[in-house]
Amino acid sequence: MRETPGDQVQGIGYAVYKVRVRNTDAGRGKRGGYRMICNLVDRDDVLLVAVYSKT
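Residues numbered from 1 in each chain as written. Predicted model: local features only at pLDDT ≥ 70, side-chain atom pairs only at ≥ 80, totals over all residues. Heavy atoms only, no water.

Draft legend 1. The pairing of strand S4 (residues 46–53), seen in detail. With seven bridges connecting them, strand S3 (residues 34–40) and S4 associate as antiparallel partners. Along S4, the bridge assignment pairs leucine 40 with valine 46. The hairpin formed by S3 and S4 contains five residues between the paired strands. (Pairing = 2+ DSSP bridges. Helix = DSSP H or I, 4+ residues; strand = E, 2+ residues; numbered from the N terminus.)

Structural data, given as structure tokens:
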């Protein structure tokens, strides 16, 4: 089984994932950090859709 980068976004029809990324400036770990939304195009290609901060 292939490991996925994060939680898959449901209801889209594409392999889109929400990934938590730590924000070292905020000091709150992954939950208070950044979110990256990315699309797995194929085995070697990832398309970055959005990055936003939770704080």
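Draft legend 2. Quick peek at the environment of valine 16. Structurally, valine 16 can be placed in strand S2 (residues 16–21). For valine 16, a relative accessible area of 8% puts it in the buried group. When the C-alpha atoms of valine 16 and leucine 47 are compared, they prove to be 9.2 Å apart, with 31 residues separating the residues in sequence. With sequence-adjacent residues up to four places away left out, valine 16 is seen in contact with Asp7, Gln8, Val9, Ile37, Cys38 and Asn39. (Buried < 20%, exposed > 50% of the residue type's maximum accessible area, 1.4 Å probe, protein only. Contact = heavy atoms within 4.5 Å.)

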